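Notes for the structure review
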Amino acid sequence: MGVLGVGIIGTGSIVNTYVKCVEELEDTKLIALYTTSAQRVKEAEKLFGVPILDNLEEFLSHPEIDLVCICNKSGLHGDAAISAAQAGKHVLCEKPLEVTTEKVDTVIAACQKNDIVLGCVLQNRCSEVYGAVENVVEKGALGKLLLGNAHINWYRSKEYYAKNPWRGTKEFDGGAAFMNQGIHTIDLLLHLMGDVKSVYGNMKTLVHAIECEDVGTGILNFNNGAIGTITAGTALFPGYPERLEIYGDKGSILMEGGNIKEWNVPGVPAPANTSLKGNASGAADPTNIGHLNHKIVLEDMIGAIQENRPPMVDGFEARKAVEVITALYRSSDEERLIFL
Ligand SMILES: NC(=O)c1ccc[n+]([C@@H]2O[C@H](COP(=O)([O-])OP(=O)(O)OC[C@H]3O[C@@H](n4cnc5c(N)ncnc54)[C@H](O)[C@@H]3O)[C@@H](O)[C@H]2O)c1
């Protein structure tokens, strides 16, 4: 395969990130965008300089599009991914892959049936600093894992929700602070600590005029015997950099805003902190998320398509955080421990 043709579904805030990545990568070319909004068609054509289509069939039958990047509302990811897979296009989908495990499963099945490479964008896995953490945890340098905590105590303004009313809804956002903002750090927590046996969740909507949680807590029991906690919010003014803490019986690591805050790993020096060099924290401002990790995700996806291998985060990997978050929501609704 020569240059990979890229089409994008959705023309909202995250799309600029993709356009920048495609421009910077030598082996990709932006072919067209698709949006349901007639108003956005006119605006976007001026911005992106490629055709903006509002006819999905026409978009998906474009012969130069090899890969469809899905950047619309989260609760519409599945329909878009399935249509793309049926049209024979590879799929790179924004997080969350879908808002329920049932919908995630239909996406995975459609991609398998049509022999499509399916990737999900959980770009915080790509940072060098996180890679160093993953490496030592995987090698058992922290010893037996005991406790893992993820804190995403962020803030979003009233305007953030008022501007795009799909945010914070069950149907289109799948939830709020956990499913939209928290999912990145929750994904890293699960990736380091392993599979989850049971969860207890407590979700509240205390400040924002939204359907789902703007403050929440979760307790996790992992299959390996370790325990964990999650706190997440979008009402926690002014919003603090997200934290990830991993404790073992031989050492511990604390990350903050993607950087190492504490590194106590026997015999292994701490990696240099690099996260502010292009990927700042979205603690208070959703537009503050840089594009460099997205670029690595896209490069990996191109490799996966060329080599016919799974990408860094395939459908099964992407499903894990959705499963835990939706179980936490169910636990909160039913006021009981939920076994996965
Ligand atoms: N990875 C990250 O760090 C990151 C950051 C921001 C957003 N996101 C994800 O990107 C997605 C979009 O978020 P956003 O902030 O750009 O939202 P947004 O509200 O700015 O944009 C959503 C877009 O979807 C389009 N859309 C609506 N219905 C559609 C349909 N039926 N078909 C096609 N397009 C449709 C809208 O026209 C709009 O262009 C969400 O799933 C979100 O979770 C990820």
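Residues numbered from 1 in each chain as written. Predicted model: local features only at pLDDT ≥ 70, side-chain atom pairs only at ≥ 80, totals over all residues.

Attention shifts here to the overall build of the protein. Each helix and strand counted, the protein has 11 helices and 14 strands in total. For 340 residues, the compact-globule estimate of 2.2 N^0.38 gives 20 Å, and the C-alpha radius of gyration of the protein, at 20 Å, lies within 12% of that figure. Oriented by its inertia axes, the alpha-carbon framework of the protein measures out at about 55 × 45 × 35 Å. Looking at the protein as a whole, 49% of its 340 residues are labelled buried. (Helix = DSSP H or I, 4+ residues; strand = E, 2+ residues; numbered from the N terminus. Rg over C-alpha atoms; globule rule 2.2 N^0.38 Å. Buried ≥ 20, exposed ≤ 12 C-beta atoms within 10 Å, placed from the backbone.)

Both faces of the sheet carry side chains from a regular strand, because those side chains alternate between them. Here strand 11 (residues 243–248) shows a buried face lined by Leu244, Ile246 and Gly248 and an unburied face lined by Arg243, Glu245 and Tyr247. Here six bridges tie strand 7 (residues 145–153) to strand 11, and the two strands are oriented antiparallel to one another. From the neighbouring strand, Asn149 faces strand 11, where its bridge partner is Glu245. In terms of strand pairing, strand 11 meets strand 12 (residues 252–256) through five bridges, oriented antiparallel. Looking across to strand 12, one finds that Leu244 is bridged to Met255. Between strand 11 and the antiparallel strand that follows it, strand 12, lie three residues. (Pairing = 2+ DSSP bridges.)

Turning to the packing of helix 1 (residues 15–24) against helix 10 (residues 292–307), a few remarks are in order. Viewed as axis vectors pointing N to C, helix 1 and helix 10 meet at an angle of 60°, and their least axial separation amounts to 9 Å. When the axes of helix 1 and helix 10 are compared, the pair comes out oblique. Where helix 1 crosses over helix 10, the handedness of that crossing is right-handed. Contacts from Thr17, Tyr18, Cys21 and Glu24 in helix 1 reach His294, Lys295 and Leu298 in helix 10. Class assignment for the residues of the contact of helix 1 with helix 10 results in three nonpolar, two polar and two charged. (Axes fitted to C-alpha atoms, helices over the stretch in contact; angles between N-to-C directions. Parallel < 35°, antiparallel > 145°, perpendicular 65-115°, else oblique. Left-handed = near helix turned anticlockwise from the far one by under 90°. Contact = placed C-beta atoms within 7 Å. Nonpolar A, V, L, I, M, F, W, Y, C, P; charged D, E, K, R; others polar.)

On to the domain arrangement of the protein. A common way to state how big an interface is: give the accessible area lost once the parts meet. For the protein, the assigned domains are domain 1 (4–124 + 294–314) and domain 2 (125–284 + 321–339). Each of domain 1 and domain 2 has a C-alpha centre, and these two points are 25 Å apart. In this complex, domain 1 contributes 19 residues to the contact, which on the side of domain 2 involves 19 residues. When contributions to the side of domain 1 that touches domain 2 are tallied by element, the ones reaching two or more residues are helix 5 (101–113) and helix 10. (Domains from an automatic or database assignment.)

Our next topic: the packing of helix 9 (residues 177–193) against helix 11 (residues 315–334). Pairs of packed helices are described in terms of their axes, by the angle between the two and the distance that separates them. Between helix 9 and helix 11, the shortest axis-to-axis distance is 9 Å and the interhelical angle comes to 120°. Looking at the two axes, helix 9 sits oblique to helix 11. Crossing of helix 9 against helix 11: the hand is right-handed. Contacts between helix 9 and helix 11 involve Phe178, Met179, Ile183, Ile186, Asp187 and Leu190 from the former and Lys320, Ala321, Val324, Ile325 and Leu328 from the latter.

Taken in spatial order, the eight strands line up as 13-12-11-7-10-9-8-14 in an open sheet, and their pairing is mixed. The open sheet is flanked by strand 13 (259–264) and strand 14 (338–339), the only strands paired with a single partner. Bridge analysis of strand 8 (residues 196–204) against strand 14 gives two bridges, and the strand direction is antiparallel. Following the sheet pairing, Val199 is matched in strand 14 by Ile338.

Looking along the chain, the bond that leaves Lys95 and enters Pro96 is cis, with omega of -20°. Positionally, Pro96 belongs in the loop between strand 5 (90–94) and helix 5. The omega torsion of the bond from Phe237 to Pro238 falls at 0°, within 30 degrees of zero and hence cis. Within the element layout of this structure, Pro238 appears in the loop between strand 10 (227–233) and strand 11. The backbone of Asn308 sits at a positive phi, close to 50°, despite the residue not being glycine.

Among the structural elements, Tyr329 can be located in helix 11. Since 23 C-beta atoms lie within 10 Å of it, Tyr329 is described here as buried. Taking the C-alpha atoms as reference points, Tyr329 and Gly216, separated by 113 residues in sequence, lie 9.4 Å from one another. Once residues lying within four places of it in the same chain are set aside, the contact partners of Tyr329 are Gly175, Gly201 and Met203.

Another point: the environment of Met301. In this fold, Met301 is placed in helix 10. Using a count of 26 C-beta atoms within 10 Å as the deciding quantity, one classes Met301 as buried. Residues Met301 and Asn273, 28 residues apart in the sequence, show an inter-C-alpha distance of 26 Å. Setting aside residues no more than four positions away along its own chain, Met301 makes contact with Leu67, Leu92, Gly119 and Pro311.

In this section: the nonpolar core. Counting 98 residues, the largest nonpolar core has Val91, Ile186 and Ile325 as the members making the most contacts within it. The element contributing the most residues to this core is helix 9, with 10 residues. When residues of this core are sorted by domain, at least three fall in each of domain 1 (4–124 + 294–314) and domain 2 (125–284 + 321–339). When residues no more than four places from it in sequence are discounted, the contact partners of Ile186 are Ala150, Phe178, Ile230, Ala321, Val324 and Ile325. (Core = buried A, V, L, I, M, F, W, Y, C linked by C-beta atoms within 7 Å.)

Here we take up the sheet that holds strand 2 (residues 28–34). Read across the open sheet, the six strands follow the order 3-2-1-4-5-6; overall the sheet is parallel. The sheet is open, and its two edges are formed by strand 3 (52–53) and strand 6 (118–121), each paired on a single side. Each of strand 1 (4–9), strand 2, strand 4 (67–70), strand 5 and strand 6 is contacted by helix 10, which is oriented at about 175° to strand 6, the strand it contacts most.

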